[in-house]
Amino acid sequence: MPAPAHLFPLIRNCEISRIGSTACYCHHRHLCCLPSHFAHSHFRYAPQKKFAALYRPKENFNHFIHTRDHASASQRFYLTPPQVNSILKANEYSFKVPEFDGKNVSSVLGFDSNQLPANAPIEDRRSAATCLQTRGMLLGVFDGHAGCACAQAVSERLFYYIAVSLLPHETLLEIENAVESGRALLPILQWHKHPNDYFSKEASKLYFNSLRTYWQELIDLNSGETTDVREALINAFKRLDNDISLEAQVGDPNSFLNYLVLRVAFSGATACVAHVDGVDLHIANTGDSRAMLGVQEEDGSWSAVNLSYDHNAQNEHEVERVKTEHPKSEEKTLVKQDRLLGLLMPFRAFGDVKFKWSIELQKRVIESGPDQLNDNEYTKFIPPNYHTPPYLTAEPEVIYHKLRPQDKFLVLATDGLWETMHRQDVARIVGEYLTGVHHQQPIAVGGYKVTLGQMHGLLTERRARISSVFEDQNAATHLIRHAVGNNEFGTVDHERLSKMLSLPEELARMYRDDITIIVVQFNSHVIGACQNEEL
Amino acid sequence: MFLRVLSDIQWRAANPKWRRMTSSRRSTSTTAEPHPVSLPAQAQVVICGGGITGTSVAYHLSKMGWKDIVLLEQGRLAAGTTRFCAGIVSTARPVSIELKMAHYSNKLYQQLEQETGVPTGYTKTGSLSLAQTQDRLISLKRIASSLSVMGIPCEIITPKQAVQLHPLINIHDLVGAMYVPEDALVTSANVSLALATAASRNGVQIHERTSVSHVTVQKGRVTGVETDRGRIQCQYFVNCAGQWAYELGHSGEVPVHIPLHACEHFYLLTHPLAEPLSSSLPTVVDPDGRIYIRNWQGGILSGGFEKNPKPLFTEGRNQLEIQNLQEDWDHFGPLLSALLRRMPGLEALQILQLVNCPESFTPDMRCIMGESPTARGYFVLAGMNSAGISYGGGAGKYLAEWMVNGYPSDNVWPLDLKRFGTLQSSRTFLRHRVMEVMPLMCDLKVPRWDFQTGRQLRTSPLYDRLDAQGARWMEKHGFERVKYFVPPGKDLLDLDHSKTFYKPDWFDIVGAEVKCCKEAVCVIDMSSFTKFEISSTGDEALENLQYLFSNDLDVPVGHVVHTGMLNEKGGYENDCSIARLSKRSFFMISPTDQQVHCWAWLKNRLPDDSNLTLEDVTWKYTALNLIGPRAVDVLSELSYAPMTAEHFPSLFCKEMSVGYANGIRVMSITHTGEPGFVLYIPIEYALHVYNEVMNMGQKYGIRNAGYYALRSLRIEKFFAFWGQDLDAFTTPMECGREFQVKLEKGMDFVGQEALLEQKQNGVYKRFTMFILEDHDTDMDLWPWWGEPIFRNGRYVGKTTSSAYSYTLERHVCLGFVHNFDEKTGEELVVTTDFINQGEYEIDIAGQRFQAKAKLYPFSSLFTQRRRKDEVELSGYQTE
């Protein structure tokens, strides 16, 4: 382990202050700038949140590593490659779509997903399910903030809302009749879950009732038109957010549930959901997670196509939208320090009723709520310059893409990935991983003058590049390995990986965010065939 | 292809006669008549394949006087693997018969240019085999021992001597090397063309661009060959189709199973060095680096056998043609590293080409030759395991002898097609197995090595039970057999670390099993043995068997006879036990790997008579061998029948009940010389009987044992076994089994004449038992088999098997002693006195150990001896 001696005086003299500043870096950036005394245990607000993000992780990283070097010179504690792997692979999940599911050939070959926590507990969630009453598959990543309650609720419920929105009238009726007469319900979704992805048992009845109300309304509304996926997605998002809000306002006689619905409403979550049906790909995005399509060019190289826009301060349209929704007088206070009202990074989100309810409503709910809520300084805190709520919406932006044979995969990931890696690198790494080394351009000597030594050097280098691919059986794991362990040359550096993963819980958040990734692989043959049929 | 062009030019320039032939053909080929010479309507022999093996067979057949031969080649002569191969003739081979073939090939190629006028590029460069480890050096020393006794010069040298022979070698990691000065390099395609030229001068018709579609077989005999240019009637067909031999074998109505599978093989060609390498520089083989390096046109040619081979053509040939195979530098990377490590001075050498040349490999690393068991007259020579040039000459000679004389001039059983059956013919099996075999080319070959792929194909119904009790397994003819049982709580070394030429880690485990066999009772599952039933409505079974087997089978019902199945020369084609079940039916037990050979032998010789039935019942019975003095107690308690010698004498067979199960065939033989029984149990009763035996045996101290214990027991009792000690060139007279032959009874049987002659004139070799005297079991190298035997300092033969005797606390080697005339080397008669009056030494990897020779087993070993045992003692195969 390199612990160069010349670093020691540096650290001893002037670096101490920089170590201090390192600790100020906050990676939990969705919600920030709260007065320090607001930080409280329940919502697990780390104290360092009081500081705005002043450093980018990259700038910070180097001297952090040096201090670690210094520390470990005495401890000599390192993770071995198998230990690193067991951490990276703890949450990995793969699903292969059966070749013949009895109905139709799917354009999805399967997907790999994985999560690497930085928060404890992790605030990201993921979901994947196959629609059983309609065609298509749903996949989504959810990035929670101010706790994981909202992300958890959305990950459990959103797909049901989408599925119900997509159902034809007759099926809705059939389902309603079944519930009415106590018969067995048609299954709507087949979930593909990692054992760590749990559903809340206690709330299921409550959630079900809200969902039932929704489909009853859909039945009443029966427009007779065929369901448009875009509309279904938008309706489902909005409806779920509305239900979350309503449940919190109404409350629940059961004190546990009552507290739960409040936590869900007062925390927040972004969502990025893909609906794949044949060649039709819809991405509904709310917040700053991102969907990206991996495209293989004719020459075999990889490029990335964005299928979502981040809803944050970097998105001019989004800033514009927020500004038009509020009076001119608020223009200066709406977006401060790249945050909504100077607090919230994503400009769209589920939950977060603090940015949606009127001040009176917030106060009423909190006062009548359980003591835990009342004691929480954060929930009581009203955002500054809060004049014309709502400031926040869960309405998604839906992008449609018609899949082409060159579209090989889709990556859905929370911002934890995107802030460490450029999408072009993501496309290349996943693309090379999925096609495997075999498709790596073979070397041919041809007529060139190559010596044995040169060839040997070239092959050694290629092997080093390939070896990291073989460690992973899961594209998402592979991507996380790169996101966390990449050095300046774009190759995985075990030492760096080991250091990043052995960060103590309280430090981890400062160097990385929760990362959640789903990589969906498409079946080019099926997509090609679909295309031809249409022609 | 560079190589092709190169050798074509040389070839045409050097051989005007051939040029006339081919050019005339070519010129006509432009006038829309591609094959001016039409195929003959019939021929005695049709050979398919114009590579080194096909031309070698044609060459030798025509030399031996067969003239009516047609050789068909689908492309051009020597255009397949032969064209691409590296052209190294190396005699350093661990298997004796392979060594002999390579030696013969070397001598043949040396004079071939003179004989034919075709330049073969033959250069005697010598070869250097390098050892990076002491174990490797031991294996080289073992090879050196066997080369020396064959009169092939070779020496073990130090790394410093090696660098003097080849200045480019980096020796810092070497412990020694073997130098074989007479190894040579050839231009392989030209060797093949030279053989073809000589053959065609002898009358062999060669037709290029003619592919064989299939071979027709009627009534079990080859009748003709269908080609894309018409049909040729023939009596003999020789499949020399190399990596296509498998497919060709399967193309006919009667499939001929030729288990081989191709793998890609890469070698590198470079431009010449700044100072071009001398063409006499020895070839370097660095098995620990998995590479070979030869000089080539002032530069080098270097290839190797990688750990992760790439099998190809699994689904047949039509996916990819040889010519289109790609270079794969990433795959070659590790070998390139090894090359630069061995010869760092080559860094600046410029690459010319990476050649991808598929080679065919077989399931046991040995080539395939011989006649098909299903179609008479269908011969095969293929699967050269990347040593086609080294073996081609010798293999062609043996096969030609086989066809002309009916048998080859040496024991080729290790290469015989009939060692395989249909079970080795699965494509998946072959694909997996060759991926293990190809890296093995460079791996250390240690005693008692088992293949790891293609396992658990045939198993006894007790497999899981035994496995749960710590069984460690080996495989014979696809059948899993127990080596020994690892007691609970004891750990053995893992596979890689257990490789040793010294005392193995299971020594004490097997010792305990042997002790139990001696003092109490052990159970060994011996279900793998080949079991046939022969019966007839009249006396046909007895009559025919009496002719085919050397011992008298007209014994009372219920008796078991040990007998050989001899060939015309009196040699053992099989060694078996036959029980007379009734007047008209016999139950025959043979070694496991006899399943195909023995079946074919009997089928070919028994009359086609509907009254006579031959049935393979191997799969119907599970065999449990109860060995030890208390076996009799266990069995009598389980059957409520007296099992003592008076009621159940040795070599007796009876159907009885064991536990609840009835109809168990109990035989009082153990294949070891120890008292005991073998139970032939219908498989559905196997678990029940096993459980009963183990439960009842508890109070007698019963335990499981494996084949290693059996092997130790049988070798210390001087039991020969077929396939290891006995072969088609060994007669009963030569291994002290005259009493198993009915010479005195005036009955005619196969091999009788040869035996009578031997009885009259004496034998030229004698099976002898050696007890190593000054051998330290813990410290010294262990004998294996194939060690040279020296009598009064002179070489007299080789060992055929060996084992540690836990009773004698000494190593016992079995082997044959010859009497070579001191001056002429001629073989003289071996007498008992000759054996007894010598001082013997056994050479283990160059170190000689004193040995005491014995012609009879130690009688004092037998504590629980019974009268009739003596008969059984003298022998029977165990494996």
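Every value quoted in this text rests on a predicted model; they were computed, and no experiment measured them.

Caption draft 1: Layout of the pattern of salt bridges. Summed over the entire model, instances satisfying the criterion amount to 55 salt bridges over all chains. Note that Lys100 of chain B is salt-bridged to Asp410 of chain B, the shortest N-O span being 2.9 Å. Taken together, the residues span a long stretch of sequence, with Lys100 of chain B in helix H5 (residues 96-116) and Asp410 of chain B in the loop between helix H11 (388-405) and helix H12 (427-440) at a distance of 310 residues. Overall, the relative accessible area of 29% leaves Lys100 of chain B in the partly exposed class. Among the salt bridges present, the one from Arg455 of chain B reaches Glu480 of chain B, with a minimum N-O distance of 2.7 Å. Highlighted residues: Arg455 of chain B in the loop between H12 and helix H13 (463-468) and Glu480 of chain B in strand S24 (residues 479-485), separated in sequence by 25 residues. The pair Arg455 of chain B / Glu480 of chain B is uniform in exposure class, with both members buried. Residues joined by salt bridges that share partners form a network here, namely Glu318, Arg321, Glu325 and Arg348 of chain A.

Caption draft 2: Layout of the environment of Gly663 of chain B. Residues and elements named next belong to chain B. Note that Gly663 resides in strand S33 (residues 661-667). Classification of Gly663 by relative accessible area gives partly exposed; the value is 23%. For Gly663 and Pro682, which are 19 residues apart along the polypeptide, the C-alpha to C-alpha distance reads 7.9 Å. Setting aside anything within four residues of it in sequence, one finds Gly663 in contact with Glu655, Met656, Tyr680 and Pro682.

Caption draft 3: Representation of the nonpolar core in the model. Judged by nonpolar contacts, the single largest core of 59 residues is most densely connected at Leu158, Phe159, Ile162, Leu189 and Phe350 of chain A. Ranked by the residues each element gives to this core, the list is headed by helix H4 (residues 149-166) of chain A, at 12 residues. If near-sequence neighbours (up to four positions away) are discounted, Leu189 of chain A is found in contact with Ala129, Thr130, Cys131, Leu132, Leu138, Phe159, Tyr160 and Ala163 of chain A. If you look at the next biggest cluster of nonpolar residues, it comprises 38 residues, including Met474, Cys516, Cys522 and Tyr707 of chain B.

Caption draft 4: Looking closely at the packing of aromatic side chains. The tally for this structure, following the rule as stated, stands at 42 aromatic pairs over all chains. An angle of 65 degrees between the planes, with centres 5.6 Å apart, marks the rings of Tyr160 of chain A and Trp191 of chain A as edge-to-face. You can see Tyr160 of chain A sitting in helix H4 and its partner Trp191 of chain A sitting in strand S5 (residues 189-191), a full 31 residues away along the chain. You can call Trp191 of chain A buried: its relative accessible area is 17%. Relative to Phe379 of chain B, the ring of Tyr236 of chain B lies with its centre 6.2 Å away and its plane at 40 degrees, an arrangement referred to as tilted. Here Tyr236 of chain B is found in strand S12 (residues 230-239), whereas its partner Phe379 of chain B is found in strand S22 (residues 378-382), with 143 residues between them in sequence. Across the pair, Phe379 of chain B and Tyr236 of chain B agree in class, each one buried. Over the ring of Tyr246 of chain B we find Arg427 of chain B; its NZ or CZ atom is 4.1 Å from the centre of that ring. Above the face of the Phe790 of chain B ring, Arg848 of chain B is positioned so that its terminal group lies 3.5 Å from the ring centre.

Caption draft 5: Quick peek at the interface of chain A and chain B. Taken together, the contacts link 14 residues of chain A with 17 residues of chain B. Summed over both sides, the interface of chain A with chain B buries roughly 1,400 Å², with 62% coming from carbon and sulfur. When the area that chain A buries against chain B is broken down by residue, the three leading residues are Leu452, His456 and Leu459 of chain A, summing to 41%. In this structure, the connection of chain A to chain B is made through 0 salt bridges. Across the contact surface, chain A and chain B share 6 residue pairs in polar contact (both at pLDDT 80 or more). Of the residues belonging to the side of chain A that touches chain B, the class tally is 8 nonpolar, 3 polar and 3 charged.

Rules used in this analysis
- Each chain has its residues counted from 1, running along the sequence as written.
- Here every chain gets a letter starting at A, and every ligand a number starting at 1, in the order they are written.
- In keeping with the predicted nature of the model, local features appear solely for residues at pLDDT of at least 70, side-chain atom pairs appear and are counted solely at 80 or more, and the whole-chain, interface and lining totals rest on all residues.
- As a rule here, side-chain values cover all heavy atoms of the structure and leave hydrogens and water aside.
- Should a side-chain nitrogen of Lys or Arg be within 4 Å of a carboxyl oxygen of Asp or Glu, the pair is scored as a salt bridge.
- Strands here are runs of E lasting at least two residues and helices are runs of H or I lasting at least four, both read from the DSSP assignment and numbered beginning at the N terminus.
- Throughout this description, buried means an accessible area under 20% of the type-specific maximum (1.4 Å probe, protein chains only), exposed means over 50%, and partly exposed covers the range between.
- Whether two residues are in contact is decided by their heavy atoms, any of which lying within 4.5 Å being enough.
- Joining through side-chain atoms within 4.5 Å is the link that ties buried Ala, Val, Leu, Ile, Met, Phe, Trp, Tyr and Cys residues into a set, and such a set is a nonpolar core.
- Pairing of aromatic rings covers Phe, Tyr and Trp, the last counted by its six-membered ring, and requires centre-to-centre distances within 6.5 Å; plane angles under 30 degrees mean stacked, over 60 mean edge-to-face, and any other angle means tilted.
- Counted as over-ring charges are cases with an Arg CZ or a Lys NZ within 6 Å of the ring centre that also lie within 35 degrees of the ring normal.
- Buried area adds together the accessible area that both of two parts lose upon being put together, with accessible area traced by a 1.4 Å probe.
- Residues adjacent in sequence count toward polar contacts only when both atoms are side-chain atoms; beyond that, a polar contact is any pair of N or O atoms within 3.5 Å, and within protein one must be able to donate a hydrogen and the other to accept it.
- Note on residue categories: nonpolar means Ala, Val, Leu, Ile, Met, Phe, Trp, Tyr, Cys or Pro, charged means Asp, Glu, Lys or Arg, and polar means any other residue, Gly included.

This is a description of form; function is not addressed.
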